[in-house]
Structures are given as structure tokens and as C-alpha cells.
Amino acid sequence: MIWSVAFSLLGLLSLSIPVGIVLFLLGFGIDQFYSPFPLMRGLGQVVWSASNSSTLIAIPFFVLLGEILVRGGIAERTYASLDKWFSWLPGGLIHANIGTATMFSATSGSSVATAATVATVAMPQAEKLGYDPKLFSGAIAAGGTLGILIPPSINLIVYGFLTETSIPRLFLAGLIPGLLMALVFMLVTAVLCTLRPSLGGVSRSFSWGERFASLIQLLPIMLLFVAVIGSIYAGWATPTESAAVGVAIALAIAAANRGVSLQMMRDSLLGTVRITAMIMLVITGAYFLNFTLASAGLGRDLQDLLTGLNLSPFGTLLVVIGLYIVLGFFIETLSLMVATIPIVVPIMAGLGFDKVWFGILMIVLVEMALITPPVGLNLYVVQGARKSGKFSDVMLGTIPFVAVMLAMVAMLVLVPELALYLPDHF
């Protein structure tokens, strides 16, 4: 059953059927061919249970928060300010790409939205200033992945919901690895542009007066981050309530910048509805699929398979890491998470691994799926913003950053405190 389910999943996805529908179809198939019980009769209850949670209300709020930031003109100001501060480094604007992606990751929670925001603002500058299109676009795609690791993160909310893990602890756990990975992205960029100056485009410099004057453009994003994350850890608000507070502040910032209009609000709300509907379809489909898989005994079969390998807990962890890397080539990130979490996480927790730590490890592995072909969503987002050039350029440009992610996976395995220090001490 394990192999038939796996090949059926890949086969249906290859037909370009929406992921949420694929998950429901697999559940129907398991009900028909592998279960002696009429599991279809539980469909209504399972779908209702999957969607009847106040925790999930945070998802549309964080999506709307990102939409307002993108459409309210805040991205351009943030990018221009970071450009003035990072222009002296080897690679100049590429560091501004990563820095802007990091700041928007700390407010948006969506990798695709982050990549789209930075790509829209940055791409017009690439050709004009002579940057290498591969590294420039690859840095944007990779920087966008930080949106699902640096809090607040929609994917961490989904992980916490599915595994009954504290979302505030997950948010804290993702902070150090996310910021460290952003710094290493910039370090790798600086090294590459030092070794090959032609990659970094035209060198520019700004006066200290211009730099300090631009800081006012960063204050709104910093204020928003402190309000959203600070309210959670001060005990003033739940993640859902803090997301609502974030939306209100984002609207106020956009209004102060004269970025609010009826068209902007319409586009933001429609974008939120589309993205939230997609996420909820995937979550409910995954819940039904996991219900049928558990009822048909797949979890037990998978556990027997892993046990039959006679591996140590560390060896089993390496197998799971390899599994996520391979599946990430073919399955979209959120779908990969919700389809595997109910099966994999109980096994890993049973082997003694901390669920918070494993959640961060999984997110880093899933981040790679965003920038590895053929399904890497951020690759398509950045290529769409380029409007010209080869798609392979974007793929090649992400290779150094994929290497950084693999290094982060190794560091999390060897030094779990990278993820657990903040949750355990605050």
C-alpha cells in the first residue's frame, strides 16, 4: 500500500490536478481498495473537524497582512533604504534583496508573497546596474523562502495545528535559524562577488547622512514586527489576535504612506481569499487522506518498514531527511507538510526527537522545495517578475543557497540548541 499510494500521489500531481483535489482523490481510492470500513461516511465530520479551529483564523489574517504590505507601497521604501546601507558590500543590491526578504518574512508569513514582493521591486534594477541575472534572481528566490521560517509563519501555524505543538514556541524556535540563514546567504553572496566582481554589478556608495535619513523607512516594518511578535510573548495576544493587530497596523502604515484605496483593498481582499481558500482546501484534503491512511493501517506499515531497517534513531532521521529532500522536488511545500506530518512526526517523536526541533528541521527541508525544480514555486514567481531570460538562470542562481540550506540542516542535527535555545529559555 505504501508504494501504490506514493506512486498514485506523484502520478496525479503530474497531471496538474490541484493538490487539494489530489489529496481527496487519494483518500477516496484508499477507502475503495484498502479499507474494509465505509470511510466515506466520515467525510463530513473529518472536513468539519479540520476547519473548525480558532488557530486557523490566523492564516487569512497573516495572508492579508502580507497583501497590504505588498500593495500599500511599503516594499519600495524598505528596499530603497536597505540599498543605501548594503550598497558598499560586494554584491550591493543582492544584499538588499536578501535584507528586504528577511524583513518582509518577519511580517508576512508567506514565502511566495515575500519572493513576489522583492522580485517586483528589485528586478528593474538588475539589468540597469549590470548584475549577473543568475545570482541576482537566485538570491531573491532563496530570500523568499525565509517567509516560512522567520516568525510569523503560516507553515509553522499549520505544523503546530496538526501536531498540537505550541505555536509561540515554534515561532521562537524559527528565529535564530532564520536570521542565521539570512546572514549566511549574505556572506555567500559577498564571497562569490569578491571572487568574481562581475557578478555584483556597478559599485555605488551613499553618504552617512543619506543612510541615516533612510532609516525612517524601516521603522514601520520594525514597529509591525514588534507589535505582532511582541504581543504574543508579552502574553497580551494569541497568535490569531496578534495577526489581527498586525493587519490594523499595516493598514495604518499604508494609509500614512497614502497607499490605501478602494482598488488596493479590493485586490488585497481578493488575494487573501484565493490564498486562504487554497490553503484550507489542502488542509482539509490532507486531514481526510490522513484519516483514511490511518484507518487502512498505513502508519503502522510505515513504522514497520522503518523498524525493519534496523536503524538507530539517528539513522532513521537521516532516512526521513533524504525522503523530504526527494519529495521536495515533486510536491509543493504546504502539501508536502500536511501529507506527511501526521505519519512522520509521531514516529520521530516516538524515537525521542523534540517536536519543536523537528518542526524547524522540517521547515528548512521544505524551504528547499521552494527553490528546487520542477515544482519550486519561488522559481516561477521570480521568473515571472523577470519577464525575460531563461528559466534555467533562476535555477542555477539558487544552487549556492540550496547548499546553505543543506548546511543549516546539518547544523540543526548536530546542534539542536540552535532551534531550542529560545523556546527553552523564554
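Presented here is a report on the structure given in the accompanying data block. Keep in mind that this is a model prediction, so the values were computed, not measured.

With that out of the way, let us pick up the overall build of the protein chain. Across its full length, the protein chain carries 22 helices and 0 strands. In summary, the protein chain has a C-alpha radius of gyration of 22 Å against a globular reference of 22 Å for 426 residues, a match within 12%. With the C-alpha coordinates of the protein chain rotated into their principal frame, the extents come out at 70 × 45 × 45 Å. The burial tally for the protein chain puts 54% of its 426 residues in the buried class. Summarising the internal contacts of the protein chain: among those between residues at least 6 apart in sequence, 79% fall at separations of at least 24. For the protein chain, the computed accessible surface area is about 17800 Å², with 70% contributed by carbon and sulfur atoms. Side-chain charges of the protein chain comprise 18 positive and 18 negative groups, with the mean position of each set lying 11 Å from the other.

To continue, consider a nonpolar patch on the surface. A surface patch of nonpolar side chains, about 210 Å² in accessible area, is lined by Ile-21, Leu-25 and Leu-281. Counting through the fold element by element, Ile-21 comes out in helix 2 (residues 19–33). Using a relative accessible area of 36% as the deciding quantity, one classes Ile-21 as partly exposed.

With that settled, the discussion passes to the packing of helix 9 (residues 154–163) against helix 18 (residues 355–370). Taken N-terminus to C-terminus, the directions of helix 9 and helix 18 make an angle of 140 degrees; their axes are 11 Å apart at the nearest point. Judged by the angle between their axes, helix 9 and helix 18 are oblique. Considering how the two elements wind past one another, helix 9 and helix 18 form a crossing that is right-handed. Two secondary-structure elements touch here, helix 9 through Asn-155, Leu-156, Tyr-159 and Thr-163 and helix 18 through Lys-355, Phe-358, Gly-359, Ile-360, Met-362 and Ile-363. Split by residue class, the contact of helix 9 with helix 18 holds 6 nonpolar, 3 polar and 1 charged.

At a minimum axis separation of 9 Å, helix 14 (residues 262–296) and helix 17 (residues 333–350) run at an interaxial angle of 30 degrees. Taken together, the axes of helix 14 and helix 17 are roughly parallel relative to one another. You can see that helix 14 and helix 17 cross each other, and the crossing is right-handed. Listed contacts from helix 17 to Ile-279, Val-282, Ile-283, Ala-286, Asn-290 and Leu-293 of helix 14 are Leu-334, Ser-335, Val-338, Ala-339, Pro-342 and Ile-343. Of the residues contributing to the contact of helix 14 with helix 17, the split by class is 10 nonpolar, 2 polar and no charged.

In this structure the tally under the stated criterion is 4 salt bridges. For Arg-266, the salt bridge goes to Asp-267, with nearest N and O atoms at 3.8 Å. Here Arg-266 falls in the partly exposed class, since its relative accessible area comes to 48%.

Turning our attention to helix 18. Taking 1.5 Å of rise per residue, the 16 residues of helix 18 would be expected to cover 22 Å, and the 23 Å separating its terminal C-alpha atoms lies within 8% of that figure. For helix 18, a buried count of 15 out of 16 residues is recorded, marking the element as mostly surrounded by other parts of the structure. One side-chain oxygen at the N-terminal end of helix 18 lies 2.7 Å from the backbone nitrogen of Val-356; it belongs to Asp-354.

For the rest of this paragraph, the subject is the nonpolar core. Phe-136, Trp-357, Phe-358 and Leu-361 are the most contacted members of the largest nonpolar core, which totals 126 residues. Among the elements that make up this core, the one with the highest residue count is helix 18 (12 residues). Apart from residues lying up to four places away in sequence, Trp-357 is in contact with Leu-317, Leu-412, Val-413, Pro-416, Ala-419 and Leu-420.

Its place among the elements puts Met-186 in helix 10 (residues 167–195). For Met-186 and Ala-173, which are 13 residues apart along the polypeptide, the C-alpha to C-alpha distance reads 21 Å.

What describes a pair of aromatic rings is the distance from one ring centre to the other and the angle between the planes of the rings. Overall, the coordinates contain 9 aromatic pairs when judged by the stated rule. Ring geometry for Tyr-131 and Phe-136: centres 5.3 Å apart, planes at 50 degrees, overall tilted. Phe-136 shares its class with Tyr-131; the two are buried. Counting every residue linked through ring pairs, the aromatic cluster contains Phe-24, Phe-28 and Phe-288.

What counts and what doesn't
Here the residue index of a chain counts from 1 through its sequence in written order. Only residues with pLDDT of at least 70 get local features here, since the model is predicted, and only at 80 or more are side-chain atom pairs given and counted; chain-wide, interface and lining totals rely on the full set of residues. Each side-chain value is derived from all of the structure's non-hydrogen atoms; neither hydrogens nor water enter the calculation. Comment: elements are numbered from the N terminus, with helices defined as DSSP H or I runs of at least four residues and strands as E runs of at least two. The quantity called the radius of gyration is restricted to C-alpha atoms. Its globule counterpart is 2.2 Å times the number of residues to the power 0.38. Buried, partly exposed and exposed residues are distinguished by accessible area as a fraction of the type maximum, computed with a 1.4 Å probe on protein chains only: under 20%, between the cut-offs, and over 50%, respectively. For this analysis, residues touch if any pair of their heavy atoms sits within 4.5 Å. With residues, only the protein chains shown are counted as cover, and all accessible areas are computed by Shrake-Rupley using a 1.4 Å probe. Only four residue types enter the charge count: Lys and Arg as positive, Asp and Glu as negative, with His and the chain ends excluded. Throughout, a charge is located at the NZ atom of Lys, the CZ atom of Arg, the CG atom of Asp or the CD atom of Glu. Note that patches include only residues with greater than 30% relative accessible area and no salt bridge, and the join distances are 9 Å for like charges and 5 Å for nonpolar side chains (Val, Leu, Ile, Met, Phe, Trp, Tyr). A carboxyl oxygen of Asp or Glu within 4 Å of a side-chain nitrogen of Lys or Arg is what we treat as a salt bridge. To obtain an axis, a line is fitted to C-alpha atoms, over the contacting stretch when the element is a helix, and the angle between two such axes runs from 0 to 180 degrees between their N-to-C directions. The cut-offs work like this: below 35 degrees is roughly parallel, past 145 is roughly antiparallel, 65 to 115 is roughly perpendicular, and the gaps in between are oblique. For a crossing to be left-handed, the near helix must be turned anticlockwise from the far one by less than a right angle; the clockwise case is right-handed. Any residue outside Ala, Val, Leu, Ile, Met, Phe, Trp, Tyr, Cys, Pro, Asp, Glu, Lys and Arg is labelled polar, Gly included; the first ten of those are nonpolar and the last four are charged. What a helix should span is 1.5 Å times the count of its residues minus one. The term polar contact refers here to a pair of N or O atoms within 3.5 Å; inside protein, the definition further demands a hydrogen-donor-capable atom paired with an acceptor-capable atom, and it admits residues adjacent in sequence only when both atoms are side-chain atoms. By nonpolar core we mean a set of buried residues, namely Ala, Val, Leu, Ile, Met, Phe, Trp, Tyr and Cys, connected to one another through side-chain atoms within 4.5 Å. Aromatic pairing here means that ring centres of Phe, Tyr or Trp (its six-membered ring) are within 6.5 Å. Orientation follows from the plane angle: under 30 degrees is stacked, over 60 is edge-to-face, and everything else is tilted.

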